[in-house]
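# Tertiary structure, described
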Amino acid sequence: MKAEDFPQEIKPFILPNHDGELVYRCLGCGQQYGIEKLLYTCPACKQVLLIYDLKFESLKKIPGNIWRKIFDYRKMLTIPALKGIYLYHEFIGPIIPLDTVIYLGEGHTPVIEANNFLQKKVGARFYFKNDGQNPSASFKDRGMASALSYINCLVRKGYVSDVLAICASTGDTSASAALYASFIQPDVKSAVLLPHKKVTPQQLAQPLGSGAAVFEIPGVFDDCMKVVEALSENYNVALLNSKNAWRILGQESYSYEIAQAFEYDMENRVVVVPIGNAGNITAVMNGFLKFYETGIITSLPKILGVQSEHANPVYRYYLEPDAAKRKFEPVIVKPSVAQAAMIGNPVSMPRVIHLVDVYNSMSGKQNVFFVEVTEQSIMDWELLANRNGHIACTHGGESLAGLVEARRLGIVGENDIAIVDSTAHAIKFSGFQEKYFEKSLPAEYNISSNPALVNAPVYIHPESLEKVPAPGKPLHGNDFDQFVEQTSKEIAKRLSLKRVPKA
Ligand SMILES: *Cc1c(COP(=O)(O)O)cnc(C)c1O
Ligand SMILES: [Zn+2]
């Protein structure tokens, strides 16, 4: 639909024109800084930052029901810059001109209701939100679209040039960073640091294919992160980890989409997310808060953060019920099939602590919860979900296992409806499925294979067959007829197929 064809009341807003004034705000000392420069931590106290719009109040002048229509009508536009996360431009990047937006197809991922069988098993109504259907096959694209659009904007304005974008990654951040940076090369080049052997072959292939400089470092993600932090403090590079507050802004789109997908009715909803570096849960809470403050939604959904017992620092922090006594302690991670969340010292922890407080107080009750799950339950729920029509990755399995656990603990009630984050596509982590099927997961994962979930290919080569085809060596005539007949017979036998009576 063309902009001029929209209803009168929507027309003035259909193209974003909110004159925002964004600043970085330090969560430690409260100091504010202009966004002309890339900042990751507070120059005064080194604490992490979040981006705030000093003119956010003016968004409240537009009533919630008009905002809802703006977003719904905007979906009918064909302007690429508004097709992705910037459909919510006023909320995630009002200073980014539309002609500097990088859109590679991110966002607006489908929300898929589970079938009856699976909902019964889980004991709750729930949907998967398939963030693995983003261009690099994980939710990280939401944050990268934001961070790289911002950098692109700085480049076009002549504020920076020859940017080297750098990140540490458990695999998906680097895949996404390299993809988005490659779109605006040579102005922006990318380099990624990965923990050696701690990303899957698929994830490693992605930044290589996008042309990034790829470095593998001994240790785990937390070690990579320290190296990248040293690089970003001492050299002229653009840090693309979620320490970069622009990432958080873009990832808020996940919440906005959930609101929109459920017609802005968040009553009895539970939003379930796995936690690694805690950027995602930060963005999810902040997104819902912004929509709530502007009256776009009228209640805040319950937030459920899930961690594996092999990487559970956030869960442990909140085990202490008395807020005054809580003390954050990083943990030493153990191998986890939810490998992208295998992080012992989450960079966004101060943001989480701040936003959980705000979220609970705005909700007027405890509305953010944390559970931990076993590695066994992560794999079993992932595999069961995927046997029922889903494409959940191990982290989607982790989220679902978390929902089951929260149901058991009574955190999630009978009438709640959950939206479960499958943060990446199953195929990125298919190596864990393969090892589960082959019963070859190393003991430290603490996972045994449930035979009911195991699957394996069967090689068919009937003994009676003398000749079989091979690449470049096709069979002909009777040999070929024999091959087709005997092979199909063998498969029919194994599947117990019944013969169709000859007419
Ligand atoms: C990054 C990532 C996570 C963890 O998200 P955080 O923002 O680091 O908490 C979970 N799942 C997948 C697939 C990821 O790539
Ligand atoms: Zn500060």
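Residues numbered from 1 in each chain as written. Chains lettered and ligands numbered in written order. Predicted model: local features only at pLDDT ≥ 70, side-chain atom pairs only at ≥ 80, totals over all residues. Heavy atoms only, no water.

## Regarding the sheet that holds strand β11 (residues 302-308)
Pairing in this open sheet of 6 strands is mixed, and the strands run β4-β5-β13-β10-β11-β12 from one edge to the other. Looking along the sheet, the strands with just one partner apiece sit at the ends: β4 (111-113) and β12 (368-373). The mean angle between the axes of side-by-side strands here comes to 25°, regardless of whether they run parallel or antiparallel. (Pairing = 2+ DSSP bridges. Helix = DSSP H or I, 4+ residues; strand = E, 2+ residues; numbered from the N terminus. Axes fitted to C-alpha atoms, helices over the stretch in contact; angles between N-to-C directions.)

## Re the coordination of the zinc ion (ligand 2)
Listed as protein donors to the zinc ion (ligand 2) are Cys26 (SG), Cys29 (SG), Cys42 (SG) and Cys45 (SG); their distances from the metal cover 2.3 Å. Positions of the donor residues of the zinc ion (ligand 2), expressed as sequence spacing, correspond to C-x2-C-x12-C-x2-C. Here the residue Cys29 occupies a position in the loop between β1 (22-26) and β2 (32-34), and Cys42 occupies one in the loop between β2 and β3 (49-53), the gap between them amounting to 13 residues. When its relative accessible area of 43% is taken as the criterion, Cys29 is described as partly exposed. Look at Cys42 and you get buried, because its relative accessible area is 0%. (Donors = N, O, S within 2.8 Å, 3.2 Å for Na, K, Ca; no water. Buried < 20%, exposed > 50% of the residue type's maximum accessible area, 1.4 Å probe, protein only.)

## Some details on the site of ligand 1
Taken together, 13 residues are adjacent to ligand 1, and Lys140, Asp172, Asn277, Asn280 and Thr423 come closest. Residue Gly276 places a main-chain N or O atom 2.8 Å away from an oxygen atom belonging to ligand 1. One of the backbone N or O atoms of Asn280 is found 2.7 Å from an oxygen atom in ligand 1. When the residues that make up the shell around ligand 1 are grouped by side-chain class, the tally is 5 nonpolar, 6 polar and 2 charged. Looking at the shell around ligand 1, you find at least three residues from each of domain 1 (111-135 + 252-453) and domain 2 (139-247). (Near = heavy atom within 4 Å. Polar contact = N/O pair within 3.5 Å; in protein donor to acceptor, adjacent residues only side chain to side chain. Nonpolar A, V, L, I, M, F, W, Y, C, P; charged D, E, K, R; others polar. Domains from an automatic or database assignment.)

## With respect to the packing of aromatic side chains
This structure, assessed with the given rule, holds 21 aromatic pairs. Taken together, Phe56, Trp67, Phe71, Tyr88, Phe91, Tyr256 and Phe291 form an aromatic cluster joined through their ring pairs. Positioned over the ring face of Tyr52 is Arg25, at 4.1 Å from the centre of the ring. (Phe/Tyr/Trp six-rings, centres within 6.5 Å; stacked < 30°, edge-to-face > 60°. Lys NZ or Arg CZ within 6 Å of the ring centre and 35° of its normal.)

## Looking at the domain arrangement of the protein chain
By convention, interface size is frequently given as the accessible area that disappears when the constituent parts associate. When its domains are assigned, the protein chain resolves into domain 1 (111-135 + 252-453), domain 2 (139-247) and domain 3 (457-497). When each unit is reduced to the centre of its C-alpha atoms, the spacing between domain 2 and domain 3 is 49 Å.

## Observations regarding the pairing of strand β8 (residues 213-217)
One face of the sheet, then the other: side chains in a regular strand alternate in exactly this way. By the bridge criterion, 5 bridges tie strand β7 (residues 188-195) to β8 in an arrangement that is parallel. Paired with Leu193 across the two strands is Phe215, which belongs to β8.

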